[in-house]
Amino acid sequence: MTTTNANPPLTPAVLHILLALASGARHGYGIMKQAEVDSQGKVKMGAGTLYGSLKRMLDAGLVQESDKRVDPAMDDERRIYYQITGVGKQALAAELERYQHLVTLAQARKLYPQSLAYDG
Amino acid sequence: MMDNQKTVRTLYKQLLTFYPRAFREQFGASMTQTFNDLCNERQREAEQGLFGFVLGIFIETAIGIVKQHILQIKQAVTMKKIATNLISAAIISLLLVLPFVILELVNRRDFPESFPIVLFGFLWLLPVAFIIILVPLVRNVRAGNRMMANPIHLLLKIACLALIALFWGGLLNDQLPCFLGVPNCD
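Residues numbered from 1 in each chain as written. Chains lettered and ligands numbered in written order. Predicted model: local features only at pLDDT ≥ 70, side-chain atom pairs only at ≥ 80, totals over all residues.

Caption draft 1: Broad picture of the overall build of chain A. Helix and strand content of chain A: four helices and three strands. Listing the helices and strands of chain A from first to last along the sequence gives α-β-α-α-β-β-α. Looking at chain A residue by residue over its 120 residues, the buried ones come to 30%. The long-range share in chain A, meaning contacts at least 24 apart out of those at least 6 apart in sequence, stands at 48%. (Helix = DSSP H or I, 4+ residues; strand = E, 2+ residues; numbered from the N terminus. Buried ≥ 20, exposed ≤ 12 C-beta atoms within 10 Å, placed from the backbone. Contact = placed C-beta atoms within 7 Å.)

Here it is as structure tokens:
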């Protein structure tokens, strides 16, 4: 499948990382936990997936390292924090728009599960 | 229990050494930290066993290692492609300039001035730059990608191409009489 968009579709891991960082800078473990909360426990990212995705996202300019600091809620080790960039916000918005379009399409074709349907 | 944790952490550190060096240097410390966080979290949830959890993380990390190595190989292939493109651009440009070099050598061999290396350097480098800018644009068109996705970027590239073409054409037009052996040209 080829895409002709400036913002190509994101992998689930990248989407969850961007979602987690959209509400503020986080360190690796913080991103994992936030993704787990956001997905209601359905997404459990491992360190290999997380840091592999972060590398690609750093290279693509979707995220950047913000600083290295101690998380007061954890131990006294300094951690690298990551934050979403302008390009990352654009990619996230484009992906959410795609999802919204798909949901609308599914609703129009009456494929959307009745239990999840909404009137708005 | 503590011994188990220590062994597992040491083994995880060992596993991370299999990542490509650049990746390990960039993320190794953070990955170890995250693994420790996960182990601590597991420890807090006391009753659940460590073995299955650790095995899962080790397998996932091993898959990550393989993926990073594949990515590195792919990037090396891309770099090779870039190098090939550069060499192709250099050769095409050389072929373009070569007739004028021959004209210069043949027609001005009796004139006292030395061979204009700087002029031919420009005449060679400009088409190299032209080809390097043009090739990705042509590839995008052939791949059916939307050209207007980033209009400013596209306009800048087209402006660069036009400038290079104008400058090269002007330079050639100006120097052509010299290449043809007209006396007293500069």
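Continuing now.
Caption draft 2: Local environment of the nonpolar core. With 34 residues, the main nonpolar core has Ile17(A), Leu18(A), Leu21(A), Ile31(A), Leu50(A), Leu54(A) and Val63(A) as its most contacted residues. What Ile17(A) contacts, discounting residues up to four positions off in sequence, is Ile31(A), Ala35(A), Ser53(A), Leu54(A) and Met57(A). (Core = buried A, V, L, I, M, F, W, Y, C linked by C-beta atoms within 7 Å.)

Caption draft 3: Spatial organisation of the confidence of the model for chain A. In this model, chain A carries a mean pLDDT of 86, and residues with pLDDT of at least 70 account for 88%. Taking the mean pLDDT of every element in chain A, the minimum, 84, falls on strand 2 (residues 63–70) of chain A and the maximum, 95, on helix 1 (residues 12–22) of chain A. (pLDDT = per-residue confidence, 0-100.)

Caption draft 4: Fine view of helix 4 (residues 86–108) of chain A. Residues and elements named next belong to chain A. With 23 residues, helix 4 extends 33 Å from end C-alpha to end C-alpha; this agrees with the ideal 33 Å at 1.5 Å per step. Where helix 4 is concerned, the buried positions are Gly88, Ala91 and Leu92. Contact partners of the buried residues in helix 4: helix 1, strand 2 and strand 3 (78–84). Looking at the residues trailing helix 4, positive phi occurs at Lys110, about 55°. (Expected span 1.5 Å × (residues − 1).)

Caption draft 5: Representation of the packing of helix 3 (residues 47–60) of chain A against helix 3 (residues 51–107) of chain B within the structure. Viewed as axis vectors pointing N to C, helix 3 of chain A and helix 3 of chain B meet at an angle of 30°, and their least axial separation amounts to 7 Å. In terms of orientation, helix 3 of chain A lies roughly parallel with respect to helix 3 of chain B. From helix 3 of chain A, Ala47(A), Gly48(A), Thr49(A) and Gly52(A) reach across to helix 3 of chain B, where they touch Ile57(B), Glu60(B), Thr61(B), Ile63(B), Gly64(B), Lys67(B) and Gln68(B). Of the residues in the contact of helix 3 of chain A with helix 3 of chain B, the class split is three nonpolar, six polar and two charged. (Axes fitted to C-alpha atoms, helices over the stretch in contact; angles between N-to-C directions. Parallel < 35°, antiparallel > 145°, perpendicular 65-115°, else oblique. Nonpolar A, V, L, I, M, F, W, Y, C, P; charged D, E, K, R; others polar.)

Caption draft 6: The arrangement of helix 2 (residues 21–44) of chain B in detail. Counted at 1.5 Å a residue, the expected span for helix 2 of chain B with its 24 residues is 34 Å, and the 33 Å between its end C-alpha atoms agrees. Along helix 2 of chain B, the residues that are buried comprise Phe23(B), Phe27(B), Ser30(B), Met31(B), Gln33(B), Thr34(B), Phe35(B) and Asp37(B).

Caption draft 7: Molecular detail of the interface of chain A and chain B. Opposite the 16 residues of chain A that make contact, chain B presents 21 residues. Elements that contribute at least two residues to the side of chain A that touches chain B include exactly helix 2 (28–38), helix 3 and strand 3 of chain A. With six residues, the single largest contributor to the side of chain A that touches chain B is helix 3 of chain A. Along the lines of polarity and charge, the residues of the side of chain A that touches chain B split into six nonpolar, seven polar and three charged.

Caption draft 8: Main features of the packing of helix 1 of chain A against helix 2 of chain A. Residue and element names in this part refer to chain A. Interaxial distance between helix 1 and helix 2 falls to 9 Å at its minimum, and their mutual angle equals 100°. With respect to helix 2, the element helix 1 is oriented roughly perpendicular. Taking contact as the criterion, the partners of His16, Ile17, Leu19, Ala20 and Leu21 in helix 1 are, on helix 2, Ile31, Gln34, Ala35 and Asp38. Residue composition of the contact of helix 1 with helix 2, by class: six nonpolar, two polar and one charged.

Caption draft 9: Local environment of the environment of Ala60(A). Residues and elements named next belong to chain A. Mapped onto the elements, Ala60 comes out in helix 3. Taking the number of C-beta atoms within 10 Å as the measure of exposure, Ala60 has 14 and is therefore partly exposed. Between the alpha carbons of Ala60 and Val87 there is a distance of 8.7 Å; along the sequence they are 27 residues apart.

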